[in-house]
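# Fold and geometry: a report
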Amino acid sequence: MAHPEIRVFNTMQQAKVPLTPITPGKIGIYVCGPTVYSFVHIGNARTFTSFDTIVRYLRFRGLEVRYVRNYTDVDDKIIKAAHENGEDPIELAARFIREFQADAKALHLLEPDVSPKVSETIPEIIAIIEKLIARGAAYAAGGDVYFEVRKYPGYLKLSKKHLDDLVSGAGERELVLEAKRDPLDFALWKAAKPGEPSWDSPWGKGRPGWHIECSAMSAKYLGEHFDLHGGGLDLIFPHHENEIAQSEAASGKTLCNCWMHGGFLDLEGAKMSKSLGNVVRLRDALGQVDPEALRYFFLTTHYRQALSFSDKQLADAETRMEYFYETLRKVDERVTGKDFGKGAVHGEPEKFLRELDEAMSDDFNFPGALGALSGLFNEMNQLTDKPPVKDKALVGRSLVALRDVAKKASLALGLFEDSPQDWLLRRRDRQVARLGIDVKKVDEAINARHAARAAKNFEEADRIRAELKGLRVEIMDTPAGTTWKVTSELSA
RNA sequence: GGCGGCAUAGCCAAGUGGUAAGGCAAGGGUCUGCAAAACCCUCAUUCCCCGGUUCGAAUCCGGGUGCCGCCUCCA
């Protein structure tokens, strides 16, 4: 299958550019991971899901992707949080790394190929800082080391800001630090204070500043020049700007070919952030909604666009996932263990994959890809319920082909990773638990209704149906017997 | 103040010059003893407003209005 060219929006150029791997067939991507001082929130989850999907799609395209996502486990906020509850900072960080991994697993995020930690990259960090000092880009001052912003000509090329605006716009910010030559210079290395984690260095005991760790870790695992670098919008300045300055001043090379930034997840119209306190933890969300429904919800909006967290849209997402899984279940039932022989198939199953591919190749158009899924699943349902052709073998072959396409789409998007049966039952269990439905009573009622129907007592059968409906239980008579589901909470 | 983004149906959301994808909701129909599910049909002469360019604009240009973000820790 001939694929369309992949084009990616590059923040540096503020335009979509063709993705041309530095090494043909391979992609190195670095995504700024969490600072592990507490549980991640659903805004973090959205960004990580976006890049997770991007990595999956690139692999779907046959590219060999090396995916690096770090843990920032040495940081002011970690130290502060640790002091507040009398915990060792490194241990607190390790604890929240484990929590993050549990959340990531629950959300079906891919394990990155490398997940480096700052605490395990100290020698490399020191080496870069030494190099920067040797090159005259940085200077040591009383146990601290600072990057000298005005000596690096490319500073602010990513964020399109201007040095003088930064100074005048600084407001109440404490820009002036005696040791700095310029208020805008930023710390590469901070002299140790009592009670802080610290490491020996040529400048005495201390720890890395924010930013430098990413320069060191990306260079260590992807080299000094790699393909893609991702993170949330808010990292453009200062984090990525400073990363570029450090890395490029040290190596003399372009850090990465393309800078990608994910949009925010808003909560009631306002940006969600830990510092504002208006956060929904990923863990709590996962307790309420199916992980793939959450993922589907994330994918309903383009990754660079703002997304508003909404219960209504989340419920829609789950409804939609139910449709997908119900369809897959039906198709599996029809097709599993059967041989339909070889030959032609109805329609053009690959068309939907091509549509998905076209959408995703154009700067990872998630909603466009979801649109392709609609056609695919509609076709599957048509063939199972209202086949437009009589030839049963032909229908069977077509369903197999469509299911194959769905599997490939699943690989590219990270959806439908469960078995349909499991997913549907798990969803029902979750709803049953939430609503406190008595499953035994439901079964008894269904049996009673069955008896009434057998006796053609439809009045009684309908009464039972209505009674269950009042409990948000919907009865479904199928050729295979009577099953039931919980009705949607919003439409109930 | 500097920089950037967004405004498309009741709701969500693609689409960046060629005559408005998709989803949810809603209404009608097929199927069903009745339902559910599924399928079919309907649902924006119009894309925040005002000008302009063009044979042609939701898409480009100019000017407004509104919302949001970054410039300070933040995905």
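No experiment lies behind these values; they were computed from the predicted model shown.

A few words on the overall build of chain A. Scanning chain A for helices and strands turns up 16 helices and 15 strands. Dimensions along the principal axes, computed over C-alpha positions, put chain A at roughly 90 × 50 × 35 Å. Taken over 492 residues, chain A has a buried fraction of 51%. Here the analysis covers contacts within chain A between residues at least 6 apart in sequence; of these, 76% occur between residues at least 24 apart. For chain A, the exposed area adds up to about 22500 Å²; of that, 51% sits on carbon and sulfur atoms. Charged side chains of chain A number 68 positive and 73 negative; the gap between the two group centres comes to 4 Å.

As judged from the six bridges shared by strand S14 (residues 473–478) and strand S15 (residues 481–486), these two strands associate in the antiparallel manner. Bridged to Glu-474 within S15 is Lys-485. Hairpin connection between S14 and S15: a loop of two residues separates the two successive antiparallel strands.

As a further point, take the pattern of salt bridges. Enumeration over the complete set of coordinates arrives at 44 salt bridges. A salt bridge links Lys-205 to Asp-200, with the shortest nitrogen-to-oxygen separation between them at 3.5 Å. With relative accessibility at 48%, the residue Lys-205 sits in the partly exposed group. Between Asp-477 and Arg-453 there is a salt bridge, with its nearest N and O atoms 3.3 Å apart. Remark: Arg-453 occurs in helix H15 (residues 439–454) and Asp-477 occurs in strand S14; sequence separation between them is 24 residues.

Moving on to the layout of surface pockets. Its volume calculated, the second largest pocket comes out at about 840 Å³. Elements with a minimum of two residues in the lining of the second largest pocket: helix H10 (311–335), helix H12 (366–385), helix H14 (420–435), S14 and S15. In terms of residue count, H10 provides more of the lining of the second largest pocket than any other element does, nine residues in total. Classifying every residue of the lining of the second largest pocket gives eight nonpolar, ten polar and eleven charged. When residues of the lining of the second largest pocket are sorted by domain, at least three fall in each of domain 2 (311–419) and domain 3 (437–486).

The next thing to look at is the domain arrangement of chain A. Considered domain by domain, chain A is made up of domain 1 (7–285), domain 2 (311–419) and domain 3 (437–486). For domain 2 and domain 3, the distance between their C-alpha centres works out to 31 Å.

Let's shift gears to the sheet that holds strand S8 (residues 206–208). An order of S5-S6-S7-S8 is seen for the four strands of this open sheet, with the pairing classed as antiparallel. Each edge of the sheet is formed by a strand with only one pairing partner; in this case those strands are strand S5 (138–141) and S8. Within the sheet, the average angular offset between the axes of one strand and its neighbour, ignoring direction, is 20°. In terms of strand pairing, strand S6 (residues 144–147) meets strand S7 (residues 186–191) through three bridges, oriented antiparallel. Residue pairing for S7: Val-145 is matched across the bridge by Trp-189. Strands in contact with helix H4 (residues 122–134) are S5, S6, S7 and S8; relative to S7, the strand with the most contacts, it is inclined by about 120°.

In this section: the sheet that holds strand S13 (residues 307–309). In space, the three strands of this open sheet follow the order S12-S11-S13, with mixed pairing throughout. Two strands lie at the open edges of the sheet, namely strand S12 (270–271) and S13, each paired on one side alone. Of the strand pairs in this sheet, strand S11 (residues 265–267) and S12 are connected by two bridges, and their pairing is antiparallel. Note on S12: the bridge partner recorded for Leu-267 is Ala-270.

Between its first and last C-alpha, helix H11 (residues 350–361) extends 16 Å over twelve residues, near the 16 Å set by a 1.5 Å rise per residue. Those residues of H11 that fall on the buried side of the exposure criterion are Phe-352, Leu-353, Leu-356, Asp-357, Ala-359, Met-360 and Ser-361. At its buried positions, H11 is contacted by strand S1 (7–10), helix H1 (42–60), H12 and helix H13 (392–413). A positive phi of about 55° marks Asp-363, the residue just after H11.

Here we come to the environment of Leu-184. Turning to its location among the elements, Leu-184 is positioned in the loop between helix H5 (163–168) and S7. Leu-184 gets classed as buried once you look at its relative accessible area, which sits at 10%. Along the primary structure Leu-184 and Val-149 are separated by 35 residues, whereas in three dimensions their C-alpha atoms are 6.7 Å apart.

For chain A, per-residue confidence averages 92 on the pLDDT scale, and residues scoring 70 or more make up 96% of the total. Every residue in residues 170–175 scores below 50 in pLDDT, and together they form seven contacts with partners more than four places removed in sequence or on other chains.

Below, the discussion takes up the packing of aromatic side chains. Using the criterion set out here, one finds 21 aromatic pairs in the structure. Here Phe-147 and Tyr-152 contribute two aromatic rings whose centre-to-centre distance is 6.2 Å and whose plane-to-plane angle is 70°, an arrangement assigned as edge-to-face. Of the two residues, Phe-147 and Tyr-152, neither departs from the other in class, the shared state being buried. An aromatic cluster of three or more residues is present, and its members are Tyr-296, Tyr-323, Phe-324, Tyr-325, Phe-377, Phe-416 and Trp-423. The residue whose ring lies beneath Arg-181 is Tyr-139, and the NZ or CZ to ring-centre distance is 4.0 Å. Above the ring of Trp-484, the side-chain terminus of Arg-428 is found at 3.7 Å from the ring centroid.

Rules of the game
- Residues numbered from 1 in each chain as written.
- Chains lettered and ligands numbered in written order.
- Predicted model: local features only at pLDDT ≥ 70, side-chain atom pairs only at ≥ 80, totals over all residues.
- Heavy atoms only, no water.
- Helix = DSSP H or I, 4+ residues; strand = E, 2+ residues; numbered from the N terminus.
- Buried < 20%, exposed > 50% of the residue type's maximum accessible area, 1.4 Å probe, protein only.
- Contact = heavy atoms within 4.5 Å.
- Areas by Shrake-Rupley, 256 points an atom, 1.4 Å probe, with all protein chains shown as cover.
- Lys, Arg positive; Asp, Glu negative; His and termini not counted.
- Charge placed at Lys NZ, Arg CZ, Asp CG, Glu CD.
- Pairing = 2+ DSSP bridges.
- Salt bridge = Lys/Arg side-chain N within 4 Å of Asp/Glu carboxyl O.
- 1 Å grid on protein atoms, 1.4 Å probe; cavity = no way out; pocket = protein on both sides within 12 Å on 5 of 7 lines; lining within 4 Å.
- Points joined across faces, edges and corners; volume = space filled by probe spheres on them.
- Nonpolar A, V, L, I, M, F, W, Y, C, P; charged D, E, K, R; others polar.
- Domains from an automatic or database assignment.
- Axes fitted to C-alpha atoms, helices over the stretch in contact; angles between N-to-C directions.
- Expected span 1.5 Å × (residues − 1).
- pLDDT = per-residue confidence, 0-100.
- Phe/Tyr/Trp six-rings, centres within 6.5 Å; stacked < 30°, edge-to-face > 60°.
- Lys NZ or Arg CZ within 6 Å of the ring centre and 35° of its normal.

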